[in-house]
Amino acid sequence: MRADARRNREQILRAAREVFADQGPDAPLDEIARRAGVGIATLYRRFPTRPDLFRGVAAEVFTAVDEAARHAVATEGDPADALRRFMHAALDLKIGSVVPALLGHTADELFGRMRGDAADPVWTVDRLLARGRAAGAIRPDVVFGDIVLMIIRLTRPLPGGGRIPDDDALAHRQLDLYVDGLRPTGSPRPTTALGGPAVDAAAFTHIRERVIDDARADVD
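Residues numbered from 1 in each chain as written. Predicted model: local features only at pLDDT ≥ 70, side-chain atom pairs only at ≥ 80, totals over all residues. Heavy atoms only, no water.

### Regarding empty space enclosed by the protein
Taken as a whole, this structure holds one cavity of 30 Å³ or more when the rule is applied. Here the largest cavity defines a volume of roughly 40 Å³. As for the largest cavity, its lining consists of Ala80, Asp81, Arg84, Ile138, Val179 and Arg183. Looking at the lining of the largest cavity element by element, the count peaks at three residues for helix H5 (residues 79-92). Considering only residue class, the lining of the largest cavity consists of three nonpolar, no polar and three charged. (1 Å grid on protein atoms, 1.4 Å probe; cavity = no way out; pocket = protein on both sides within 12 Å on 5 of 7 lines; lining within 4 Å. Points joined across faces, edges and corners; volume = space filled by probe spheres on them. Helix = DSSP H or I, 4+ residues; strand = E, 2+ residues; numbered from the N terminus. Nonpolar A, V, L, I, M, F, W, Y, C, P; charged D, E, K, R; others polar.)

Next up, the structure:
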């Protein structure tokens, strides 16, 4: 594949991931092409049908998750820091929004034809976790699902959709709290500085009122 064709394909997949996360699997393909900065004809050349695009997005997400885990191992000497780096990178991929949006279609349509297109991140992530447990940096009863299912939960949009300010930054803040909780009993006190918005009771009340007001406006 030529460099420009490869670049177009990558831009389309990134844009599709964002649009499907925001609007669901029936989102207009014209919007995906617009966000990707390509013409609709270019999108159809790369992905002739919507199921082809679903399959491409799923493969791109799973490959990116696998690469994030490998990169974390390669760049972080401390196993706990490697796991933290991976989880934050996976959070940015929004797998909890993208994959469920596509699962409204048959598993065969989405995944059956995908075999061989993408790396399977399950065992890469499991090895990353095992490394942390073996080093005593992660509590011994933490298993694969505790990592991936939490990422999926944190990447689901909050009620109110895009009306929640700094939703992504808030998810990263909550992830840091969770990762610190993965440390074994008796570990040194966590020193991770919490980023993102600090939503106290007053801020939460303000957000709740805003969501309610917006919902009423939509009904009217």
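### As for the packing of helix H1 (residues 3-23) against helix H4 (residues 50-75)
Where H1 meets H4, the closest approach of the two axes is 9 Å, and the angle between their N-to-C directions is 95 degrees. The angle between H1 and H4 falls in the class roughly perpendicular. For the pair H1 and H4, the contacting residues are Ile12, Leu13, Arg14, Ala16, Arg17 and Phe20 in the first and Arg50, Leu53, Phe54, Gly56, Val57, Glu60 and Val61 in the second. (Axes fitted to C-alpha atoms, helices over the stretch in contact; angles between N-to-C directions. Parallel < 35°, antiparallel > 145°, perpendicular 65-115°, else oblique. Contact = heavy atoms within 4.5 Å.)

### What about the side chain of Asp52?
On the secondary structure map, Asp52 appears in helix H4. Within the local environment of Asp52, its side chain forms a polar contact with the side chain of Thr49, the two groups lying 3.0 Å apart. (Polar contact = N/O pair within 3.5 Å; in protein donor to acceptor, adjacent residues only side chain to side chain.)

All quantities given are derived from atomic positions and should not be read as evidence of function.
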